[in-house]
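In case you want the letters, here they are:
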Amino acid sequence: MSDLLAKAVNNSKWTAIGSLMTAILGFLFAGLTIRWLGEAEAGFAIAIATIVGINNTFSGLGLGAAATRLISRAHEEKNYQEIQTIAGVCFTTSLAFGLFGFCIFAFGSAWIVQWSKYEGNADIGRWYCILLGLAFLLQQITGYFNIFLTSLQRFDWQTKLNTTFMLANGILGITFLKAFPNILTLGIISLTLSLLNCLCTGFIVTKILGFLTLPSWDQAMFIELWSFGKWVYMTQIKVIFFDGVDKIFLTSVFGSSSLPFYTFAQRIYLTVHQMLVGQSSYLFPMLSAQGDKLEVVAEQIEERLRWFIGLIAGFVYSGLIIAGPALLTIMVNAGFSSKASFQLFIFCWVGYIHGNAIVPFFFGLSKGDAKGNWIFHMIIGLGYLPFFAIF
């Protein structure tokens, strides 16, 4: 048990560093983007990011979580043949969805610009869609590589890569966006960093494993992955209806310029939540590798971890409720703060509820209970519906 706790502390250290850096840089860059581009341009960028998020939700079929669980166990047993089989199926799936998403952005760019009620140059809007489509394709391949880093518990490399490219995104964005305040600047930076991230992550994974699996297909393995992944996938689909349809609705009715007031407050909540999730993400591969000992391990550490994450969530979100309006004023301006403070208050409560569900979620996945997680998130999601009317 001492070895397991030592591993947990080490993994937690890396995930905490990465989560904190991502949170700070993401929050800073989001505020400056709205300030320098203006509400109309920033709103269009947010609308496209929403479509990218929806495509990411549909991509992968939930196979990544299933693959993490199986690869963690196979690596513990040194079953490298099974790892290659799993990798081939996941690579094929990621590549197929990446190409499909790129086609949506490339061939549907004119419709996307029209749907978003974009107030700027339509040609620039279409090129931005194409650039984000290429970045999406590369991100899908990078996501496939990240399955291995998670499964092998190489959170040190995940942290180094995520922090490096998030830092590069923030520095390049702040440097070039101020000099060239145009959404194409964002698109070029996103595409360039996505390409570099894909190449670097692929190289590191190849060095760690000693091999690089090409896309391949194994129907039996796909069925095994899908039997677990379908419930994870259905949990992800829930995100579209409860966490994505709001922005689609606002854009369709009021245009993309209405999004910054709502989504910046939501971005703060998501940043904090992702930080808390990142702090706990090491649990899934670490526990999955325990095999038959999992129930004993869970009984010893689950309750303490739930209290730990719950206390952090309560401290952070209560602080945001108090200091949030002042932060919005500093990051953007006083007028923006007055229009977005109420949304921030609501999202802080949503974040606290979600924060207390993080540890049970990862323990459920580790035990193979993805269906139970889906049921829980559906109940929580339905409970949020009345709040959409308030906004």
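For the structure itself, consult the block above.
What you see is a predicted model, and the numbers here were worked out from it, not measured in a lab. (Residues numbered from 1 in each chain as written. Predicted model: local features only at pLDDT ≥ 70, side-chain atom pairs only at ≥ 80, totals over all residues. Heavy atoms only, no water.)

**A few points about the overall build of the protein**
Link 1 in the chain: Scanning the protein from terminus to terminus reveals 15 helices and zero strands.
Link 2 in the chain: For the protein, the proportion of its 391 residues judged to be buried stands at 52%.
Link 3 in the chain: For the protein, the computed accessible surface area is about 17,800 Å², with 68% contributed by carbon and sulfur atoms. (Helix = DSSP H or I, 4+ residues; strand = E, 2+ residues; numbered from the N terminus. Buried < 20%, exposed > 50% of the residue type's maximum accessible area, 1.4 Å probe, protein only. Areas by Shrake-Rupley, 256 points an atom, 1.4 Å probe, with all protein chains shown as cover.)

**What about the nonpolar core?**
Link 1 in the chain: Membership of the largest hydrophobic core comes to 36 residues, with the highest contact counts inside it found for Ile71, Ile86, Cys90, Phe148 and Leu225.
Link 2 in the chain: Those elements that place two or more of their residues in this core are helix H3 (63-76), helix H4 (80-107), helix H6 (122-151), helix H7 (155-179), helix H8 (183-209) and helix H9 (219-254).
Link 3 in the chain: Ranked by the residues each element gives to this core, the list is headed by H3, at seven residues.
Link 4 in the chain: Contacts of Leu225, omitting those with residues within four sequence positions, involve Leu63, Ala66, Ala67, Leu70, Ile86, Val89 and Cys90.
Link 5 in the chain: Ile268, Tyr269, Met275 and Leu344 belong to the second-largest nonpolar core, a separate cluster that totals 26 residues. (Core = buried A, V, L, I, M, F, W, Y, C linked by side-chain atoms within 4.5 Å. Contact = heavy atoms within 4.5 Å.)

**Side note on H8**
Link 1 in the chain: Compared with the 39 Å implied by 1.5 Å per residue over 27 residues, the 39 Å span of H8 between its first and last C-alpha is a close match.
Link 2 in the chain: Backbone nitrogen of Leu184 and a side-chain oxygen of the N-cap are separated by 2.8 Å at the start of H8; the cap is Asn182.
Link 3 in the chain: Downstream of H8 by a residue or two, Gly210 has a phi angle that is positive, lying close to 90°. (Expected span 1.5 Å × (residues − 1). Polar contact = N/O pair within 3.5 Å; in protein donor to acceptor, adjacent residues only side chain to side chain.)

**Digging into the packing of aromatic side chains**
Link 1 in the chain: The tally for this structure, following the rule as stated, stands at seven aromatic pairs.
Link 2 in the chain: With centroids separated by 6.4 Å and ring planes inclined at 50°, the aromatic side chains of Phe105 and Phe136 adopt a geometry described as tilted. With Phe105 in helix H4 and Phe136 in helix H6, this pair connects stretches of sequence that are 31 residues apart. The exposure classification of Phe105 matches that of Phe136, with both residues buried.
Link 3 in the chain: Ring geometry for Trp217 versus Phe222: centroids 5.0 Å apart, planes at 35°, classification tilted. (Phe/Tyr/Trp six-rings, centres within 6.5 Å; stacked < 30°, edge-to-face > 60°.)

**Considerations on the packing of H3 against H4**
Link 1 in the chain: Orientation of H3 relative to H4, taken along the N-to-C sense of each, is 165°, at an axis distance of 9 Å. Classified by the interaxial angle, the pair formed by H3 and H4 is roughly antiparallel. The handedness of the crossing between H3 and H4 comes out as left-handed. Each of Leu63, Ala67, Leu70, Ile71, Ala74 and His75 in H3 lies in contact with H4, whose residues at this interface are Tyr80, Glu82, Ile83, Ile86, Val89, Cys90 and Thr93.
Link 2 in the chain: Residues belonging to the contact of H3 with H4 are distributed by class as follows: 10 nonpolar, two polar and one charged. (Axes fitted to C-alpha atoms, helices over the stretch in contact; angles between N-to-C directions. Parallel < 35°, antiparallel > 145°, perpendicular 65-115°, else oblique. Left-handed = near helix turned anticlockwise from the far one by under 90°. Nonpolar A, V, L, I, M, F, W, Y, C, P; charged D, E, K, R; others polar.)

**As for the packing of H3 against H6**
Link 1 in the chain: Two elements in contact, H3 and H6, have axes separated by 9 Å at closest approach and are oriented at 40°. It follows that H3 is oblique to H6 by the angle criterion. Where H3 crosses over H6, the handedness of that crossing is right-handed. Contact residues: Gly64, Ala67, Thr68, Ile71 and Ser72 in H3; Ile147, Phe148, Thr150 and Ser151 in H6.
Link 2 in the chain: A per-class count over the contact of H3 with H6 returns four nonpolar, five polar and no charged.

**Quick look at a nonpolar patch on the surface**
Link 1 in the chain: On the surface, a cluster of nonpolar side chains totalling about 700 Å² of accessible area is made up of Ile321, Ile322, Phe342, Phe345, Trp349, Tyr352 and Ile353.
Link 2 in the chain: Those elements that place two or more of their residues in the nonpolar patch are helix H12 (294-331) and helix H13 (334-355).
Link 3 in the chain: For the nonpolar patch, the element with the highest residue contribution is H13, accounting for five residues.
Link 4 in the chain: By relative accessible area, which is 31% here, Ile321 ends up partly exposed. (Patch = residues over 30% accessible without salt bridge, like charges linked within 9 Å, V, L, I, M, F, W, Y side chains within 5 Å. Salt bridge = Lys/Arg side-chain N within 4 Å of Asp/Glu carboxyl O.)

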